[in-house]
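# Observations on the three-dimensional arrangement
Spelled out from the first residue to the last, the chains are:
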Amino acid sequence: MKTLRTTATLLALVASAGVARADDVADEADLHFELGAERYRARDYRGALEHFLASNRLVRNRNVLFNIARSYEQLGRFPDAHRYFSLALEGEADVAARENITNALQRIAPNVAVLQVTTEPPGATIYIDRRDLGSRGASPRSLAFAPGTARVIAELEGYETVTSSPVALRQGAVIPVALRLRRIVGTLGVESNVASAQVRVDLENAPVACATPCDLDLAPGRHTLILSADGFRTARREVVVEAQRRASARVELVAQTGSVVVNADERGALVEVDGRPAGFTPAVLDIPVGRRRVRVSMEGFRAVDQEVAVDAAAQRTLDVQLRTVEEVSAASRATESVEDAPGSVSIVTGRELRAMAYPTIAEALRGVRGVYLSDDRLYPSVGFRGFGRPGDYGNRVLVLVDGHPTNDNWINSSYVSFDARSDLEDVERIEVVRGPGSVLYGTGAFSGVINLVTRSRGVTNGVDVGLGTNEFGVARARVGLRHRFEGDAGIWVSLGGAMGGGRDFVLPTLAQPAMGARPEVPSELRGVDGFTSGTVTGRAWYRALTLQWLLNTRNKVFPGAVYGSAPGDARNHLADTRGLLELRFEPRLSQTVQLLSRAFFNRYDYASVLIPEDDPRGYRRETFTGSWTGAELRLVLEPARWLRLSVGGEGQYHFDVRQRGDEFNVGSPNSTYLDEQRPFGIAAGYLSAEVIPSQRFRVSLGARADWYSTFGATVNPRLAVIFRPWANGNFKVMGGSAFRAPSIYELYYNDGGVTQIRGDNLRPETIYSGEVEYTHRFATNWSALVTGYVNYIDQLIALRDVRPAGAMQDVSQYANTEAPILTVGGEAEVRREWRRGWMFSASYSFQRSAYQQPASTTAAARLREVPNAPEHLFSVRAAAPILPDVLTGMLRLSFEGPRWDRNDRADDPGQQRTDPGLILDVVASGRAQRYGLRYAVGAYNVFDWRYAVPLSREYSDRLTAMPQSGRTLLVSLSAEIR
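Residues numbered from 1 in each chain as written. Predicted model: local features only at pLDDT ≥ 70, side-chain atom pairs only at ≥ 80, totals over all residues. Heavy atoms only, no water.

Along its length, the protein chain carries 10 helices and 63 strands. For 978 residues, the compact-globule formula gives about 30 Å, and the C-alpha radius of gyration of the protein chain, at 48 Å, lies well above that figure. Expressed as lengths along the three principal axes of its C-alpha atoms, the size of the protein chain is roughly 160 × 60 × 60 Å. Looking at the protein chain residue by residue over its 978 residues, the buried ones come to 53%. Summarising the internal contacts of the protein chain: among those between residues at least 6 apart in sequence, 61% fall at separations of at least 24. Per element, the accessible surface of the protein chain, about 43200 Å² overall, is 55% carbon and sulfur. (Helix = DSSP H or I, 4+ residues; strand = E, 2+ residues; numbered from the N terminus. Rg over C-alpha atoms; globule rule 2.2 N^0.38 Å. Buried < 20%, exposed > 50% of the residue type's maximum accessible area, 1.4 Å probe, protein only. Contact = heavy atoms within 4.5 Å. Areas by Shrake-Rupley, 256 points an atom, 1.4 Å probe, with all protein chains shown as cover.)

Quick look at unusual backbone geometry now. Going from S139 to P140, the amide bond is cis rather than trans, its omega being 0°. In this fold, P140 is placed in the loop between β2 (125-128) and β3 (141-145). Residue T212 is joined to P213 through a cis peptide bond whose omega torsion reads -10°. With respect to the element layout, P213 can be found in the loop between β11 (210-211) and β12 (214-218). Positive phi outside glycine occurs at D488, with the angle close to 55°.

Moving on, we come to the sheet that holds strand β1 (residues 113-120). With respect to topology, 3 strands assemble into an open sheet ordered β3-β1-β8, the strand pairing being mixed. One side of each edge strand has no neighbouring strand; the edge strands of this open sheet are β3 and β8 (174-180). The sheet shows a mean angle of 25° between the axes of neighbouring strands, taken without regard to direction. For β1 and β8, the ladder comprises 7 bridges, and the chain directions are parallel. Across the sheet, V117 pairs through a bridge with V177, a residue of β8. (Pairing = 2+ DSSP bridges. Axes fitted to C-alpha atoms, helices over the stretch in contact; angles between N-to-C directions.)

It is worth spelling out the nonpolar core at this point. Counting residues in hydrophobic clusters, the biggest one holds 96 residues, and the most contacted among them are V296, I430 and I450. If sequence neighbours within four positions are ignored, I450 has contacts with I361, L365, V382, F384, V397, L398, V399, L400, I430 and E431. Residues L49, F66, Y72 and A88 belong to the second largest nonpolar core, which totals 25 residues. (Core = buried A, V, L, I, M, F, W, Y, C linked by side-chain atoms within 4.5 Å.)

Read across the open sheet, the 3 strands follow the order β19-β16-β23; overall the sheet is mixed. Of all strands in the sheet, those bounded by a partner on one side alone are β19 (283-288) and β23 (315-320). In this sheet, adjacent strand axes meet at a mean angle of 30° when their direction is disregarded. Sheet analysis places strand β16 (residues 257-264) next to β19, joined by 6 bridges and oriented antiparallel. By the bridge assignment for β19, V261 is matched with V284.

Without other data, these values stay purely geometric and don't point to any function.
Laid out in structure tokens, this is it:
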């Protein structure tokens, strides 16, 4: 009875809380409600349920739902009762009513199985077992059932329908069912011309969906892509996405630009923006807004890098001052300023190389202080500071290409003409270091070092082609390719060739009859000086790895009268082929340690055909093949800011060292007079230190020990003290020694004892040097230099006449001479660096070389003057703009004093002096940047000055000097395609 009274009270309260509707439907709903309440009080729960359901269909009401639930409960239909109690609870605000409904649910729970259905995302429509039975509401939702099994079906617009596996319904249990709905999407690939552009969908203020390039999963239908990036205008693109399909869209962004004016104190400097060429100074550039890296560079100057903030609303001005490149790497194998280098250094800049259109290394070195040239029409060679013996072919000078020695391993000759390379277009500068350099490079770096610095990693992409002519009809052609890749990688390679007919010679002394010579030898030789040459060179790099290569070949016809050959016979010729391949690995291991390692392979081939003067029907053929490989490992340590240490070692093995001589005769058997294979090895270790206690003072010292399987070991030190007593002054005090190992030719060449036998117990030559140099800078562009030096050469290797036991006549043999050579000299130079097309340099060199002979030397054994050692050298070089940016005029006036010939022994005929040489070279050159053209036209030896240089003892006794080139015209043209 108590329960009945409580129920009646609740029904009355519910009835009084009903919402009246002023229409027929409301009246009908109220009537059904009243009838339902009456049937409920009469305990006709089925009848009550019928009327409550009808009322709820007419006007939905939470209170009616509650009465429906109570009716189901009275009928024992607990799952239905639970469902309607749950519906009544939704949105109920009255505290007392919520409490009553909650109590009712708890009361029913033991009689039903409750499914707690959740979905991801929420809001999905819930079905049980079948969709046609109608939905059970939206997730999340709790549903009550009688014991058994059921499947839950979830459905949400834009998502695939999900059906659960059968769920076991246990009475009194709460069973959670979680369903994840998979979105119905299409895939859209988004690309842009700007990497990492931000992508938003439909709304500008929407979260960033991704960054290009990327894939988006979007609901099917029409969408708007909105792309943005710093420095670019926002771009929009309408797209249509289809379900389960992939599409792509590319959106182009247009850069916002600002104006930047770039000025430099040199016109025509290249301007690069973020690594890409943008113009030449002075330039007004439209540059994308944002922070940009602007680089201004010009050949012969140190590049300037600056970061510029570019704004669309303002014009920026960038004023740049370029400084001339005064850096050298050959003096200590580390890039440093010329003033800090522990040596006397000159640089032939790229500006000068282009302005004078030098065809060869030798021509580029003419006029460099302390340097003089010789050309016997076999091989041009270079002498340093009063020492360059006839016939040594530069084997006391080391020529490097980016630090790699290029001298051969037969005579140790250096190559400075078309026998080195067919042009200098790939050379950025030439470094000339006077004095001994064995502490860095070992043998060959005796009198000086010449280092060709080729194209750097900062090359611009493009192709260049060139044509030229010089020196008596020499024609040159080349093609080159340059390309830089992402990630500090790139390659450049070039192919060049040269060909010339050579000059004609008037040699009156050859026409003079002599014992064993043919009296019909003409004094004028024509068509016997031609050559052909070809070069392949290049470099590739990737980060710390560098691979460089060089292959050069030259075939040369020569006038004869050397090595007993017939003068004027065009069949006399020789061929040289040299190749190198070097791999470097130079990583910086830490802030204080750098590893410098390299492995290399070199090859040298020589072949000559000589027509004998005494029997021109036959010929002699001599060949040499040399192959060697090696490796070097060096550590550079900087344990403190004031100290840098270099320690390293090098090994070489010359595994193919073969010289051969064959004689081919008419009417008699052919013969081989020389066939020797002489492999040898080299090992070296070195240590150097650079101490910098202050900005005004530094000390460089080091030593190197070399071991040769041919003679043994030698140790050579070097010391340099550099200090700046005042801001514009720079003192260098330097001393050291160097050696030259006896060459394979000097050690082992033997023509069967006819004219020459092999050397006997040869020891290396040694030079001891001391020097003081002072440089004063008067202004930014002007400087003056004075230097004094002493060189002492001991154990000089030279040809001497000997008479073997049982022989009827003397033959030649290389031997260490007993008379050292002392050279005392001084140099002065005034220089104005390149600025706006202007340049000036004037230098004078005095160098006096003399044999130091003991007083006990007999008159018959005494030596005269040192041959091929001019005492005076003078040079002026000047450049001026004729038409700014279009045409530059440059001249070079060089003077080389008289030289004593080879007859330095007392038993020789009288020693004679050659005439001095005064050579004026004038060239007009320029470039048309817009078209990528560079051009030059001029003349060398404008005065057609006639002079000669001494020849070695290998030449005929009737020929002691060789005339040098007269007036020659020069024309060159190159085109660059970027």
